[in-house]
Amino acid sequence: MATTNITTTTATSAGPSTATAVAQNGPSIPKDGLPLMHPARTPPVLPWPDIGHLAKWSVSSYKFGFGAECLRDGDPDTFWHSDGPQPHFITVEFPRKVAIQKISIYLSWPQDDSYTPSTLAIRAGTGPSDLQDVRVATLEKPDGWITFDVSSEPDEDGNSFKAVHAYVLQVIVVQNHMSGKDTHIRGLRVLGPQEEDATDGDPFPWKSPDFKMYERLR
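What you see as residue numbers is a count from 1 along each chain, following the sequence as written. Totals for whole chains, interfaces and linings use every residue, but because this is a predicted model, local features are given only for residues with pLDDT of at least 70 and side-chain atom pairs only at 80 or more, for both listing and counting. By convention in this description, side-chain values take in all heavy atoms of the structure and omit both hydrogens and water.

> Would you mind showing me how to read the overall build of the chain here?
Secondary structure elements follow DSSP: runs of H or I no shorter than four residues count as helices, runs of E no shorter than two count as strands, and numbering proceeds from the N terminus. Within the chain, the secondary structure is distributed over two helices and 13 strands. Working definition: with a 1.4 Å probe on protein chains only, accessible area under 20% of the residue-type maximum means buried, over 50% means exposed, and in between means partly exposed. For the chain, buried positions account for 46% of its 218 residues. Residue contacts follow a heavy-atom distance rule, with two residues in contact if any of their heavy atoms lie within 4.5 Å. Excluding contacts between residues fewer than 6 apart, the proportion of contacts in the chain whose partners are at least 24 apart in sequence is 71%. Counting every atom, the chain has about 11,200 Å² of accessible surface; 51% of that belongs to carbon and sulfur. Here the accessible surface of atoms and residues is derived via Shrake-Rupley with a 1.4 Å probe, and residues count as covered only by protein chains that are part of the display.

> Whenever I open this one, the environment of P76 confuses me. Can you help?
Examined against the element boundaries, P76 turns out to sit in the loop between strand 4 (56-59) and strand 5 (80-81). Once residues lying within four places of it in the same chain are set aside, the contact partners of P76 are R41, Y106 and R186.

> Help me out: how do you make sense of the pairing of strand 8 (residues 117-125) in this one?
For a regular strand, side chains alternate in direction, first toward one face of the sheet and then toward the other. Buried residues dominate strand 8, accounting for eight of its nine residues. Two strands form a pair only when DSSP identifies at least two bridges running between them. Relative to strand 11 (residues 164-176), strand 8 is paired through eight bridges, and the arrangement is antiparallel. For G125, the partnering residue across the bridge sits in strand 11 and is V168. Pairing analysis gives six bridges linking strand 8 to strand 9 (residues 132-140), with the strands arranged antiparallel. Among the inter-strand pairings, L120 is bridged to a residue of strand 9, identified as A137.

> So what exactly am I meant to see when it comes to the pattern of salt bridges here?
For side chains bearing opposite charge, pairing can occur when the charged atoms are close. Each salt bridge in this description consists of a side-chain nitrogen of Lys or Arg and a carboxyl oxygen of Asp or Glu lying within 4 Å of one another. For the coordinates displayed, the defined rule picks out nine salt bridges. In this structure, D149 and K102 form a salt bridge, with 2.7 Å as the shortest nitrogen-oxygen distance. Taken as a pair, D149 in strand 10 (residues 143-149) and K102 in strand 7 (residues 102-108) lie far apart in primary sequence, 47 residues in all. Across the pair R123 and D133 runs a salt bridge whose closest N-O atoms are separated by 2.7 Å. Of this pair, R123 sits in strand 8 while D133 sits in strand 9, and the two are 10 residues apart along the sequence. Within this structure, D50, R72 and R189 form a network of salt bridges that share partners.

> I would appreciate a short explanation of the side chain of D149 in the present structure.
You can call D149 buried: its relative accessible area is 1%. Polar contacts involving the side chain of D149 include one to the side chain of Q101, which spans 2.7 Å. Here a polar contact is recorded for every N or O atom pair within 3.5 Å, except that within protein the pair must consist of a potential hydrogen donor and a potential acceptor, and residues adjacent in sequence are included only if both atoms are side-chain atoms. A polar contact of 2.7 Å, which involves the side chain of D149, links it to the side chain of K102.

> How should the side chain of S61 be read in this particular structure?
Turning to its location among the elements, S61 is positioned in the loop between strand 4 and strand 5. Using a relative accessible area of 12% as the deciding quantity, one classes S61 as buried. Not counting the four nearest positions on each side in its chain, S61 is found in contact with W80, H81, S82, D83, G84 and H88.

> What is the right way to look at the pairing of strand 11 in this model?
Note: strand 6 (residues 88-100) against strand 11, nine bridges, orientation antiparallel. By the bridge assignment, I90 is partnered in strand 11 with V171.

> Explanation requested: unusual backbone geometry in the structure shown.
Leaving glycine out, the prevailing phi sign among residues is negative, and the prevailing peptide bond configuration is trans. The omega torsion of the bond from Q86 to P87 falls at 0°, within 30 degrees of zero and hence cis. As for its placement among the helices and strands, P87 is situated in the loop between strand 5 and strand 6. Although it is not a glycine, S179 sits at a positive phi angle of roughly 60°. Relative to the assigned elements, S179 resides in the loop between strand 11 and strand 12 (184-185).

> Teacher, can you tell me more about the environment of R135 here?
Looking at where R135 falls in the secondary structure, it is placed in strand 9. Residue R135 is classed as buried on the basis of its relative accessible area of 2%. Between the C-alpha atoms of R135 and S151, which are 16 residues apart in sequence, the distance is 5.7 Å. Looking at R135, its side chain comes within polar contact range of the main-chain oxygen of D149, at 3.2 Å.

Here you go:
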């Protein structure tokens, strides 16, 4: 699958750059797959379900007290702090294949300076040994929650991007600002596809991510 670069920068008074700026009182969801920038410390309310709780999370290295749990604790003052050789990475492993639409990541250049990632690579696959690059994101001094598709492959209509179906998702810090060595990531959410409004007449639709994991028996 082809790799595509996306550049997202913090919105200014002159207006947003490539990323779509999101108001703090609620996001305006674009229909064209553009990244969303939520300039706040709290996670944005989004229509895509958070499926990260279904997975096992691990990191390449961490300082004591700043491990993978800090990525999902909902506290903007905590963060994963790597403590090892580059590249640094986060691995999210699901018990079965799932559809992954987007990730939402909280980075703060004003607080973390050279610890802030400037380039991220997203990889997906059936296991750690067969991961393939699906997206590269380039970020310039980000401050807030950035939400973007994990895939760079257009959907059938060409208006957005397809979901990635995988057992494993990996977020790799390719480079930090100012060539920093270790990295800080203050939050990460893995999001599934937006749920369809229609249930096709099913009186007992499988709607929650937990049920969708076991929707079909093998």
